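# Chains, contacts and geometry: an overview
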Amino acid sequence: MEDLTRLIISQERIENIKNNNLELTNEEAHYINKVMRIKNGKEIFLANGEGSLWKAIKVKNDCLEISQLKKPYLFQAQEIYLLGIAVVIPKSGFEDILKMCTEIGIDFIQPLFSERQVNKNLNFTRKLLRWNSIIKEAVEQSERLWKPSILNGMDIIEWLKSRDNQERVSISITREDTSYDLNQWLRKQQEFVNKKGGIFWNVIGPEGGWSSKEIDFFNKNNNSFVKLSDTILRTSTASINASSILNQWRIDLKLIN
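What you see is a predicted model, and the numbers here were worked out from it, not measured in a lab.

## Focus: the pattern of salt bridges
For the structure shown, the criterion picks out 12 salt bridges. Across the pair E28 and R13 runs a salt bridge whose closest N-O atoms are separated by 2.6 Å. Of this pair, E28 sits in helix α2 (residues 26–35) while R13 sits in helix α1 (residues 11–15), placing them 15 residues apart in sequence. Its relative accessible area of 25% is what places R13 among the partly exposed residues. Residues joined in a network through salt bridges with shared partners are D107, R144 and R250.

Laid out in structure tokens, this is it:
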């Protein structure tokens with residue numbers, strides 16, 4: 001594929017385009033003109049974050065003309081097996097987690113709260129705007145066609161209660177006995193895989209560890225414990241490790257099928 005600059009444009013904006021011309025926001029125009037220095041008449045790619053990619057030509061500093069709007073240059077169907085990382089928000093490093101999980105190929109990112117969490121005083125609405133912007137930039141940089149969804153923050157116990165039978169959840173743990181690592185747990189989900197659809201989650205806890213109340217809840221609800229490493233990992237390291245394991249499992253599964 002050609003090495004062209006990419007912009008992520010929401011599907012809503014794509015649907016509202018008139019005469020194949022897309023008016024750029026000030027931020028987008030600055031990126032195209034000042035950062036990437038795209039000249040009039042040059043091509044770039046536009047993606048909607050939902051599998052479609054178009055070619056566009058810069059016709060003015062604040063306007064792009066899309067080629068064949070009704071027939072994308074490329075379309076990629078959504079993955080059959082979706083991957084999620086649920087992370088108790090750490091004191092620092094969460095933005096790096098967002099970038100790297102996006103680049104690796106995670107489909108859902110769930111911020112969590114827990115009893116031993118250090119960073120609880122968040123302006124969540126403002127944070128979500130920034131986090132979505134970071135994910136958007138990571139999608140453009142990594143050339144993904146599907147933008148991951150970052151969900152509203154939830155308490156770990158309430159989040160687990162809200163899971164449905166289309167989701168499988170593993171909880172990473174360090175100092176508790178567990179029979180499986182994440183790879184082994186994924187391989188044991190064959191019955192669920194055969195049904196197709198749903199989300200495979202791995203949950204990363206706080207750096208202070210899960211509380212006794214949370215561990216009791218996990219045990220009473222038969223949640224699956226897994227380990228990611230024989231060493232103790234920071235939240236950011238554990239998140240990237242788990243994301244890589246999940247994504248490699250999906251790649252292997254597609255090759256087998």
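## Structural notes on the packing of aromatic side chains
Counted under the stated rule, the structure contains 10 aromatic pairs. Residues W159 and W201 carry aromatic rings whose centres are separated by 5.0 Å and whose planes lie at 85° to one another, so their mutual orientation is edge-to-face. Of this pair, W159 sits in helix α5 (residues 156–161) while W201 sits in strand β13 (residues 199–204), and the two are 42 residues apart along the sequence. A relative accessible area of 0% means that W159 is categorised as buried. Taking the relative accessible area as the measure of exposure, W201 reaches 1% and is therefore buried. Residues F218 and F225 carry aromatic rings whose centres are separated by 6.1 Å and whose planes lie at 75° to one another, so their mutual orientation is edge-to-face. Overall, F218 belongs to the buried group, its relative accessible area being 0%. Through a chain of ring-to-ring contacts, three or more aromatic side chains come together here, namely F94, F113, F124 and W131.

About the cut-offs
- Residues numbered from 1 in each chain as written.
- Predicted model: local features only at pLDDT ≥ 70, side-chain atom pairs only at ≥ 80, totals over all residues.
- Heavy atoms only, no water.
- Salt bridge = Lys/Arg side-chain N within 4 Å of Asp/Glu carboxyl O.
- Helix = DSSP H or I, 4+ residues; strand = E, 2+ residues; numbered from the N terminus.
- Buried < 20%, exposed > 50% of the residue type's maximum accessible area, 1.4 Å probe, protein only.
- Phe/Tyr/Trp six-rings, centres within 6.5 Å; stacked < 30°, edge-to-face > 60°.

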